[in-house]
Amino acid sequence: MATSKIPAKLLKPTRGRPAGVGDSTARDDLLDAAVSLIAERGAAATSSADVAQRAGVTPAMVHYYFRGREQLLDAVVDERLARFTAQVFAAPIPEADATTMITTIVQRLFAATAKMPWMPAIWIREIVSEGGALRERMLRHFPVAAVNLLTQTVARGQRQGKVPAGIDPRLAFLSITGATMLPLAVRSMWGRLPALATLTEAQLKQHALAVLTSGLAPAPRRRRST
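Residues numbered from 1 in each chain as written. Predicted model: local features only at pLDDT ≥ 70, side-chain atom pairs only at ≥ 80, totals over all residues. Heavy atoms only, no water.

So what exactly am I meant to see when it comes to the packing of aromatic side chains here?
When we look at a pair of aromatic rings, we describe it by the centre distance and by the angle of the planes. Considering all chains together, one arrives at four aromatic pairs under this definition. Measuring from ring centre to ring centre gives 4.8 Å for Y64 and Y65, while their planes differ by 80°; the resulting arrangement is edge-to-face. Geometrically, the ring pair formed by F89 and F173 is tilted, given 6.1 Å between the ring centres and 55° between the ring planes. Separated by 84 residues along the polypeptide, F89 in helix α4 (residues 69–89) and F173 in helix α9 (residues 172–185) bring together distant segments of the chain. This pair shows no difference in class: F89 is buried, exactly as F173 is. Each member of the aromatic cluster is reached from another via a ring pair, and the members are Y64, Y65 and F66. (Phe/Tyr/Trp six-rings, centres within 6.5 Å; stacked < 30°, edge-to-face > 60°. Helix = DSSP H or I, 4+ residues; strand = E, 2+ residues; numbered from the N terminus. Buried < 20%, exposed > 50% of the residue type's maximum accessible area, 1.4 Å probe, protein only.)

This is the structure in structure tokens:
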């Protein structure tokens, strides 16, 4: 499974036994197998034996590298899911105005999803949903600084009259993920609904950008009554 290359300083140390010379592929295969299974069926329904079977090794290999299921889940978050967050937020985001920031974040989300297509399903099932098995682990990688900057930028635009008064700056990030991650997570439904049968990800991205940025257009001024 293809993953983006993120500078080592942006990622936490590996969990469990580190891969030795010549056997890094086996460890990576186990992590990739775990990610794909969690995206398909959820963490609760994914056992160490399932991961071993998907990776084509014995369950003993899971124990060798990760000691147990909990440490495997730690590694999945720190070494796979965190790469998605880093892909979107590691590089500085232009903060000229709210529209520029939101456009950049949306474009990066879709670019990251193209490399890590399992993330939207995991995001909705295991992080956003109440009781998600990976929520607490993923909070360690929440882009607090970037989200705060987005909130401040939207609020500044509001004070300048460039963002409608009805927009709550604190909900900007949730609006972005709602317009992108949720539709991507249910992409398997597209072909089953006549109205969406021909929908493409490019069209979805265009729609998300239009919805999000039009909401940040200058509020129309009321004409004075004569």
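What am I meant to see in helix α10 (residues 201–214) here?
Counting along an α-helix, one turn takes 3.6 residues, and residues three or four places apart therefore face a common direction. Spanning 14 residues, α10 covers 20 Å between terminal C-alpha atoms, matching the ideal 20 Å at 1.5 Å per step. Those residues of α10 that sit buried are L204, A208, L209, L212 and T213. Seen along its axis, α10 keeps its buried residues to an arc of 145°; they face one direction. Away from the buried face of α10 by more than 90 degrees, exposed residues Q206 and H207 are located. Here the buried face of α10 lies against α5 (98–115) and α9. (Expected span 1.5 Å × (residues − 1). Arc of directions from axis to C-beta. Contact = heavy atoms within 4.5 Å.)

Would you take a moment to explain the pattern of salt bridges for this structure?
Pairing between side chains of opposite charge can happen when the charged atoms of each approach one another. In total, this model carries twelve salt bridges according to the counting rule given. The partner of R27 in a salt bridge is E79, with the nearest N and O atoms 2.7 Å apart. Of this pair, R27 sits in helix α1 (residues 24–41) while E79 sits in helix α4, and the two are 52 residues apart along the sequence. Take R27 and E79: they sit in the same class, and that class is buried. When the shortest N-O distance is used, the salt bridge between R80 and D28 registers 3.5 Å. Here R80, found in helix α4, pairs with D28, found in helix α1; they are 52 residues apart in sequence, far enough to count as distant. Through salt bridges with shared partners, a single ionic network connects R69, E70, D74 and R137. (Salt bridge = Lys/Arg side-chain N within 4 Å of Asp/Glu carboxyl O.)

Could you clarify how one ought to interpret the nonpolar core in this entry?
In summary, soluble globular proteins display a tendency toward joint burial of nonpolar side chains. Counting 57 residues, the largest nonpolar core has L81, M119 and L150 as its most contacted members. The biggest single contributor to this core is α4, with nine residues. The contacts of L150, once residues within four sequence positions are left out, are M101, I102, I105, A172, F173 and I176. (Core = buried A, V, L, I, M, F, W, Y, C linked by side-chain atoms within 4.5 Å.)

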